[in-house]
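Overview (structure and organization)
What follows is the residue order along each chain.
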Amino acid sequence: MTSVIDPKTIGKPVRQRRHIRTLTGYTPETDASGKEKWPRGDETVWKTNMRGVDADVGDITKSVVNHVQTSLARQAYNLDNLGAYQAAALSVRDNMLVNWNETQLHYTRKAPKRAYYLSLEFLMGRTLDNALLNLDLKSQYKDGINQLGFSLEDLLEEERDAALGNGGLGRLAACYLDSSASQDLPVWGYGLRYKYGIFQQLISPEGNQLEAPDPWLDNQNPWELPRIDVNYEVRFYGQSERLSEGHGRALWTGGQEVLAVAYDVMIPGCNTRNTNNLRLWESKPKRGFDLNSFNAGNYEGAVESSNSAAAITSVLYPNDHTTFGKELRLKQQYFWTAASLADIIRRFKNLGKSINEFPDYVAIQLNDTHPTLAIPELMRILIDEEDLDWNFAWQIVTNVFFFTNHTVLPEALEKWPVPLMEHILPRHMQIIYDIKAVSNTNTFAARIFLQAVEKKFPGDRERLARMSLIEEGFPKQVRMANLACIGSRRINGVAELHSKLVQTTILKDFVEFFGVSKFGNVTNGITPRRWLDQCNPELSKLISSTLKIDKSVWLKDLYKLKDLVKYAADKGFRAEWAAIKQRNKERLAHHIETTLGFTVNTNAMFDVQIKRLHEYKRQTLNILGVIHRYLELKALTPALRKKVNPKVVFFAGKAAPAFFKTIRLIVNVARVINADPETKDYLSLYFLPDYSVSLAEVLIPASDISQHISTAGTEASGTSNMKFCLNGGLLVGTVDGANIEIAEEVGEENVFFFGHLTPAVEDLRYQHMYHPVPVDEACPPLANVLNQISGGLFGDGGVYEPLVNTIRQGDYYLVTDDFDSYIRALAMVDEAYLDRDEWVKKSICTTANMGKFSSDRAIMDYAQEYWNLEPIPVGKD
Ligand SMILES: *Cc1c(COP(=O)(O)O)cnc(C)c1O
């Protein structure tokens, strides 16, 4: 039995032994006596605002050597890759800093309207490669690092991902930052500086997900600038005492005060000097160490308050861990929104404008409901601190915020128990009740929400209950989506279908109340800098040389790729295109070989599904399809098997506990089929642990086909579908999320669609519920697969009973209904792949038509249709 995983290596960063070396190539100047003079900060000057061809390799090596000696306090003859990486990063950072300072000065002088992107997650990945490319300094640094006796490729591998996010939502925020800077938009991100980002995933020999903390800050992080002087006090608990009748001011006192300290991360734009900022908050005790307790012999008491303050930003919560740490999560949300708003208001006040003008200078985007507390928090500031009238304050608030909804799954809609909210944020609970309240006085009547609803839809009690900010029950709960919806100027979904579903399902009442013009769509996008130029440099080069335009042009105007279509007829071009895909497959195989020790068959088709594990994303459908393929292969004669299109299936993704069993099944199926001598040349399967941005960057360019197979109507958009298609991978998917718009752009003939459509889903679920048909009757091939699992083909069948039973009973995500058509779609993929020429044409046409899915287009949509924001290019006026 070959083990699919080696617990010694899986999930751990594979680090070569520390190789201590001497910086070579750099020849120090010598003084009169022949003594070597290494550069030192005080005596050597080099340029730090270098860019592209202007950059001097000599300046680069000097700056790196300087950082080794001064910033790192290490000697030039005593350096490993990690040290060299850090010095190189600091040197690149110097270049960014010059631009960053200039950008902030320029924005301050021009005083434009600014937008702030509030996201609890920023899944940034690595920075060095991205910064070098955006600054157009990569080849110069490559040479410089080479001269110093190191390899840039090795140094890039030293960097840990900044994994301050779970998945798509956090990665979207990161893409939007890149696009804002690249499009010269004055946009800042605000988030939290978690000490531990998303957990590291390890897989045990049995196939269980194990979780280890992600110590991304263990080595010093060269990309952040601590701003000890930028800090705000944030209050929790205490009492809120109203100072006047009705909805006037209140005094919130007592409780716990915590300090929010800023860390800035520079966001360089591509081919522009504009360098924006991502400000991340860290929590700290306000008073630090309690010396009195300590002196009284109470050491634990002395550190207690400091520990509880630090705990606020200690971990990023994994998705779906709903019960765990609820109180802490609410504290995180408030801590972050309060610090961010205080910072935004301080910056606005520096303009010397009256507070009425706040919405003319500030737009705040709420990425999902996580930052919704910003709405009552801004009310609190305007009423309690700025002494504004309630109505006036509400008018300002509802012109500042914009809300992006990311899900229509009812269980994913955020709610907070009223008692918890009352305890932690007593003043905010009052304000939420004020927004909800039906006032006695007529002046309030028009503005106050439920009363206005009552007026528009008299007597419609159920509607009132649905739209209320408070859900009745034990305990009562605050509905964050409702609050975000009524407190925002506009609301958007993230793909055409999703935005329509939002308007016709979860927010239908609000559409009827406010009118449809308050609701819109901004289809998600991805940055082509990271997701093509950086992750697939060979393809990027081929595109530039074929189109005869510099990449800095097409990377910022992705519709230019359209001209590639005409080269699909060119045999030589197709050969180059296919050869690059092949080399990317070999690059992935090499990565797997060195990290996991498996030899992957690179002559096979690579079929990839990488995303968070979730029932609605239907990794189960995929693995059941793999088993089905395996059983079919087993039934063939050896001669017939030889005619089958060989395939390697890759999975990666982290899971919440509810979906651990799916990983376990994948790993155990892999163990069986990879070891089967009859079939292993035709089908193999790998679960790659610890999915991350960096792993995605290796997997995506290597994919021939990728799977985006959510039950119709459940995937809001998806963005990995865009990443694959941009890299010439084809897509097998359901008619869901952005798959639909991708097919509209690249042509339906280039997408393998299957499955029931959204309008059918509700009926099918009803059928499963009230007129269930056993799987044996509804779909015999699927029943056979399930029986093999239960029968123990992949180890103890009992382990998988809960998983298998979600399909046999209820089948909420309609695996049974879509199975046949899924298998047919995969057969069509096989058939298409056999005609390799046609396949490569499809691949080229797919990449060529992905212009719409640049996050530059998406961010400009937000700027124009939502924020009313203008580009403010640095150095152009
Ligand atoms: C793009 C991306 C995602 C989102 O993937 P979907 O398939 O759209 O859910 C999640 N995680 C990482 C690391 C990504 O790069």
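Here the structure is a predicted model, which means the values were calculated and not measured. (Residues numbered from 1 in each chain as written. Predicted model: local features only at pLDDT ≥ 70, side-chain atom pairs only at ≥ 80, totals over all residues. Heavy atoms only, no water.)

1. Some points on the nonpolar core
Soluble globular proteins tend to pack their nonpolar side chains together in the buried interior. Counting 179 residues, the largest nonpolar core has F236, W281, I364, M421, F650 and W867 as the members making the most contacts within it. The leading source of residues in this core is helix α9 (residues 326-349), at ten residues. Built from parts of two domains, this core gets at least three residues from each of domain 2 (115-125 + 161-524 + 863-867) and domain 3 (554-853). Each residue touching F236, except ones within four places of it in the same chain, is listed here: W252, G254, G255, Q256, V258, I312, K331, Y334, F335, I424 and L425. L624, A656, L782 and A783 belong to the second-largest nonpolar core, a separate cluster that totals 56 residues. (Core = buried A, V, L, I, M, F, W, Y, C linked by side-chain atoms within 4.5 Å. Buried < 20%, exposed > 50% of the residue type's maximum accessible area, 1.4 Å probe, protein only. Helix = DSSP H or I, 4+ residues; strand = E, 2+ residues; numbered from the N terminus. Domains from an automatic or database assignment. Contact = heavy atoms within 4.5 Å.)

2. Things to note about the pairing of strand β23 (residues 683-687)
On any regular strand, side chains alternate: one points to one face of the sheet, the next to the other face. The buried fraction of β23 amounts to five of the five residues, a majority that puts the element mostly inside the structure. Of the two faces of β23, both are covered, the one formed by L683, L685 and F687 as well as the one formed by S684 and Y686. In this sheet, β23 lies alongside strand β22 (residues 647-652) in parallel orientation, the contact comprising five bridges. Residue V649 lies in a different strand from β23, and its bridge partner there is L685. In this region the chain leaves β22, passes through helix α27 (residues 660-674) and returns to the parallel neighbour β23; the handedness of that crossover is right-handed. (Pairing = 2+ DSSP bridges. Right-handed = clockwise from strand over helix to strand, strands pointing away.)

3. A word on the UniProt feature "modified residue: N6-(pyridoxal phosphate)lysine" (unreviewed entry) in the chain
Mapped onto the present numbering, the UniProt feature "modified residue: N6-(pyridoxal phosphate)lysine" (unreviewed entry) falls on K723. Within the fold, K723 resides in helix α29 (residues 720-726). On the basis of relative accessible area, K723 is assigned to the buried category, the value being 5%. Not counting the four nearest positions on each side in its chain, K723 is found in contact with R171, I526, W531 and I700. (UniProt positions renumbered as here; feature names shortened; annotations may be inferred.)

4. Structural notes on the packing of aromatic side chains
Aromatic ring pairs are defined here through the distance separating the ring centres and the angle between the ring planes. Counting across every chain of the model gives 26 aromatic pairs. When the centroid spacing of 5.1 Å and the interplanar angle of 50° are considered together, the rings of F754 and Y822 count as tilted. In this pair, F754 sits in strand β26 (residues 751-754) while Y822 sits in helix α35 (residues 815-834), placing the two residues 68 residues apart along the sequence. Just as F754 is buried, Y822 falls in that class too. Pairwise contacts between aromatic rings join Y117, Y176, F402, Y862, Y866 and W867 into one cluster. Note that K518 overlies the ring of F514, its terminal NZ or CZ placed 3.6 Å from the centroid. One cation-aromatic arrangement involves R765 over Y813; the distance from NZ or CZ to the ring centre is 5.5 Å. (Phe/Tyr/Trp six-rings, centres within 6.5 Å; stacked < 30°, edge-to-face > 60°. Lys NZ or Arg CZ within 6 Å of the ring centre and 35° of its normal.)

5. As for the sheet that holds strand β15 (residues 401-404)
With mixed pairing, nine strands are arranged side by side in an open sheet as β9-β12-β13-β6-β3-β14-β15-β19-β20. Two strands close off the open sheet at either side, each with one partner strand: β9 (224-236) and β20 (519-521). The sheet shows a mean angle of 25° between the axes of neighbouring strands, direction not considered. Relative to β9, α9 is tilted by about 110°, and along the sheet it contacts β3 (114-118), β6 (187-192), β9, β12 (256-268), β13 (275-285) and β14 (362-367). Sitting on the sheet, helix α19 (residues 496-504) touches β19 (490-493) and β20, and the angle it makes with β20 is about 160°. (Axes fitted to C-alpha atoms, helices over the stretch in contact; angles between N-to-C directions.)

6. Considering unusual backbone geometry
The omega torsion across F474 and P475 is -5°, close enough to zero to call that bond cis. Structurally, the position occupied by P475 is in the loop between β17 (470-471) and β18 (477-479). Phi is positive for D136, close to 60°, though the residue is something other than glycine. As for its placement among the helices and strands, D136 is situated in the loop between α3 (128-134) and α4 (138-147). Given the relative accessible area of 43%, D136 is considered partly exposed. Despite not being glycine, D387 has its phi angle at roughly 60°, a positive value. Tracing the backbone shows D387 in the loop between α11 (374-385) and α12 (390-400).

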